[in-house]
Amino acid sequence: MDDFTSPKRILSARRLRPRKRLGQNFLVDPRFAARIAAETPDHAYVVEIGGGTGALTTALAERARRLDVLEIDRGLAAVLRDRFGDTSTIHIVEGDALEDDLALRLASEAPPRAICGNLPYSITTPLLERIIATAALWDCAILMVQREYARRMRARPGTPDYSSLSVFVQHFCAVEHLFDAGASGFYPAPRVASSVIKLRPHAHVNEGLADPALLLWLVRAAFAQRRKTLANSVAAQPGAPSNAILIAALQQSRLPGAIRGERLAHDDFVTLANALSAQGFRAPAR
Ligand code: SAM
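As the structure is a computational prediction, the values presented were derived from the model and not from experiment.

Definitions and cut-offs
- Residues numbered from 1 in each chain as written.
- Predicted model: local features only at pLDDT ≥ 70, side-chain atom pairs only at ≥ 80, totals over all residues.
- Heavy atoms only, no water.
- Helix = DSSP H or I, 4+ residues; strand = E, 2+ residues; numbered from the N terminus.
- Rg over C-alpha atoms; globule rule 2.2 N^0.38 Å.
- Buried < 20%, exposed > 50% of the residue type's maximum accessible area, 1.4 Å probe, protein only.
- Contact = heavy atoms within 4.5 Å.
- Areas by Shrake-Rupley, 256 points an atom, 1.4 Å probe, with all protein chains shown as cover.
- Lys, Arg positive; Asp, Glu negative; His and termini not counted.
- Charge placed at Lys NZ, Arg CZ, Asp CG, Glu CD.
- Salt bridge = Lys/Arg side-chain N within 4 Å of Asp/Glu carboxyl O.
- Near = heavy atom within 4 Å.
- Polar contact = N/O pair within 3.5 Å; in protein donor to acceptor, adjacent residues only side chain to side chain.
- Nonpolar A, V, L, I, M, F, W, Y, C, P; charged D, E, K, R; others polar.

Caption draft 1: Inspection of the overall build of the chain at higher detail. Helix and strand counts for the chain come out as 12 helices and 9 strands. Computed over C-alpha atoms, the radius of gyration of the chain comes to 21 Å, within 12% of the 19 Å expected from 2.2 N^0.38 for 286 residues, which places it in the range of a compact globule. Viewed in the frame of its principal axes, the chain has a C-alpha envelope of about 70 × 40 × 30 Å. Evaluated residue by residue, the chain yields a buried proportion of 46% over its 286 residues. Excluding contacts between residues fewer than 6 apart, the proportion of contacts in the chain whose partners are at least 24 apart in sequence is 65%. Accessible surface, the chain as shown: approximately 13,700 Å² in total, 49% of it carbon and sulfur. Distance between charge centres in the chain, computed from 36 positive and 29 negative side chains, equals 7 Å.

Have a look at this one:
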């Protein structure tokens, strides 16, 4: 009979070791998992990213009508199959969440839909980009990330944590901080603390925006060189508009020529992107 009571026992029974490269810091405090699960809608379809040894999976499964669990590590996918294989509502998917067709997965299920995960830290940004790309298909995403990262996601203009990540995430979603989790809640204990955030997609993303790709390009360009003014930081990027176009767009947006990117609120970025678009500027291909 397998002992699934702690990640440490689960791993040692199978001669597995936590793999740092895959961000394997497993939840040992069940209260964290329970709090994440409690935030999912009733009777939802849930995708869990990175099932690990199944601590969060157990809590999510108590509420979800169906749960798809993505796990890249072959040994852990086997643990999850052994642990949950008899539960018809839980489906273990062995593979890379960065390669998974999340949009198809979500679109194949009726709402409510949620995405959850204690994310592997080394790939938080590409995972978040993929999750946000499907925001129209879920009701909420409840994600455990590094505390610093969570701060940047919800930072306001003019604060040290405000960055292109803040504007990008807040363009698509409302960001709510749910709770913090200290390193002692994990095995092995990570070097950094974590936070859990909840994302809810905005209903009218891109409304009033002439060119969504231009907004995203502008935000990255504005923060690329934080110490410079927005105009100089943008001008230094490949494919940037000419100085004349930039200055005209800033004037049209009623923004000072020497303003820094960190001072612009989301709506200012929208106004400036629209002004650049009106000047005939198109975002360079990525
Ligand atoms: N959910 C478990 C928990 O909270 O205890 C595990 C969380 S652990 C921080 C991250 C998990 O994501 C690990 O199990 C790791 O193997 C898995 N993982 C890492 N990269 C992945 C990827 N590209 N696709 C799917 N899973 C991945």
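Caption draft 2: Up close: the pattern of salt bridges. In this structure the tally under the stated criterion is 16 salt bridges. Taking the shortest distance from any N to any O, the salt bridge between aspartate 42 and arginine 63 comes out at 2.8 Å. Separated by 21 residues along the polypeptide, aspartate 42 in the loop between helix 2 (30-38) and strand 2 (45-49) and arginine 63 in the loop between helix 3 (55-61) and strand 3 (66-71) bring together distant segments of the chain. Of the charged contacts, one joins glutamate 109 and arginine 66 as a salt bridge, the two residues approaching to 3.7 Å between their closest N and O atoms. Here the residue glutamate 109 occupies a position in the loop between helix 5 (102-107) and strand 5 (113-118), and arginine 66 occupies one in strand 3, the gap between them amounting to 43 residues.

Caption draft 3: Structural view of the site of the ligand. Residues in contact with the ligand amount to 20 residues; listed here are only the nearest, Leu27, Gly50, Glu71, Asp96 and Ala97. Here an oxygen atom of the ligand sits 2.9 Å away from a polar atom, N or O, in the side chain of glutamine 24. The separation between a nitrogen atom of the ligand and a polar side-chain atom of aspartate 96 is 2.8 Å. Compared with its free state, where it exposes 590 Å², the ligand has 98% of that area covered by protein. Along the lines of polarity and charge, the residues of the shell around the ligand split into 8 nonpolar, 8 polar and 4 charged.

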